[in-house]
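Tertiary structure, described
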Amino acid sequence: MKIAIVDDEKIYTDKIAYLCHDFETQNGASIETSCFVSGKAFLDSFQAGVYQVVFMDIIMEGINGIETAHRLREKDHDCFLVFLTSTGDFMPEAFSFHAYDYIVKPFTRQRVFQLLLDVKKHLPELPPYIEIISNRQSISLLLSDIISVISNAHYLNIHTKDGRDFRSRMTLGTFLHLTKNAPCFLSVNRGILVNADYVDTIDKKSCIMTDGTSFPIRVRDSKKIKTDLLQYHFAILRERQLHRYI
């Protein structure tokens, strides 16, 4: 959940950000906050689809919250807009921009937590992903986008379906822990994991991926690797059958 906090009083941006991360710890949610000291600063960097939630102060110097919300809605109709206010005078106008809720200052931990719980229920469940550090940047990768993971000294080379390669300092054990031991990742050789969804064929000596990449496999374990691959695909088919009858 990416959250923008727009308020020209730092005491409130800091408090909302603190409560959001407290909520993250208490509820196992993944939350990233960005704070803006003015409507202009927010609009200058805003892109549609980036934030799921926007906390917007109504009374601000320069571009006030009502005008900022108006410009926001010209680009993004889907984010949850939550107004921060010390008075109810502007609420009829504020809700004309399809606000989800409003919070009256000074607000409590319980009020913010309840709002975030309500928002969380309405957000679609994110597909499984991991966050890695590559080139000193934090990068989110969907597990379904990862084709292979190769261990190289103290680093992993992670290759994705769009042809990108990421180098991250971690072990294969740490990677699997981050994925919660996702069954799609098969160990075909020492230091080599492949995503079963992208395996084309396996013979006695190699594992060939759908993008043409080939990896050597443990010859003595070739039969087991084939069996693990078949069992993985069978489990997927069985799950689809179950969902069809539910």
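As shown above, the structure is provided for reference.
Residues numbered from 1 in each chain as written. Predicted model: local features only at pLDDT ≥ 70, side-chain atom pairs only at ≥ 80, totals over all residues. Heavy atoms only, no water.

Considering all chains together, one arrives at 9 aromatic pairs under this definition. Ring centres 5.4 Å apart and planes at 75 degrees place the aromatic pair F36 and F42 in the edge-to-face group. Here F42 falls in the buried class, since its relative accessible area comes to 0%. On the numbers, 6.4 Å between centres and 85 degrees between planes, the contact of F36 with Y51 is edge-to-face. Within this pair, whereas F36 is found in strand β2 (residues 32-36), its partner Y51 is found in the loop between α2 (39-45) and β3 (53-57), the two being separated by 15 residues in sequence. Grouping residues by exposure puts F36 and Y51 together as buried. (Phe/Tyr/Trp six-rings, centres within 6.5 Å; stacked < 30°, edge-to-face > 60°. Buried < 20%, exposed > 50% of the residue type's maximum accessible area, 1.4 Å probe, protein only. Helix = DSSP H or I, 4+ residues; strand = E, 2+ residues; numbered from the N terminus.)

Looking now at the sheet that holds β2. In spatial order, the strands read β2-β1-β3-β4-β5; together these 5 strands make up an open sheet with parallel pairing. Here the strands that pair on one side only, and so sit at the sheet edges, are β2 and β5 (101-104). With direction set aside, neighbouring strand axes in the sheet form an average angle of 20 degrees. Across 4 bridges, strand β4 (residues 80-85) lies against β5 in parallel orientation. (Pairing = 2+ DSSP bridges. Axes fitted to C-alpha atoms, helices over the stretch in contact; angles between N-to-C directions.)

Before going further, it helps to examine the pattern of salt bridges. Opposite charge on two side chains permits them to pair, given that their charged atoms come into close proximity. Within the structure shown, the criterion is met by 12 salt bridges. The salt bridge partner of E67 is R71, with a shortest N-O separation of 3.0 Å. With a gap of 4 residues between them, E67 and R71 both fall in helix α3 (residues 65-75), about one helical turn apart. The exposure class of E67 is partly exposed, given its relative accessible area of 33%. Residue R71 is classed as partly exposed on the basis of its relative accessible area, which comes to 37%. One salt bridge in this structure joins D101 and R111, with 3.1 Å as the shortest N-O distance. Of this pair, D101 sits in strand β5 while R111 sits in helix α5 (residues 109-122); the two residues are 10 residues apart in sequence, bridging distant segments of the chain. The exposure class of D101 is buried, given its relative accessible area of 18%. Take R111: its relative accessible area is 29%, and that puts it in the partly exposed class. Within this structure, D7, E9, D57 and K105 form a network of salt bridges that share partners. (Salt bridge = Lys/Arg side-chain N within 4 Å of Asp/Glu carboxyl O.)

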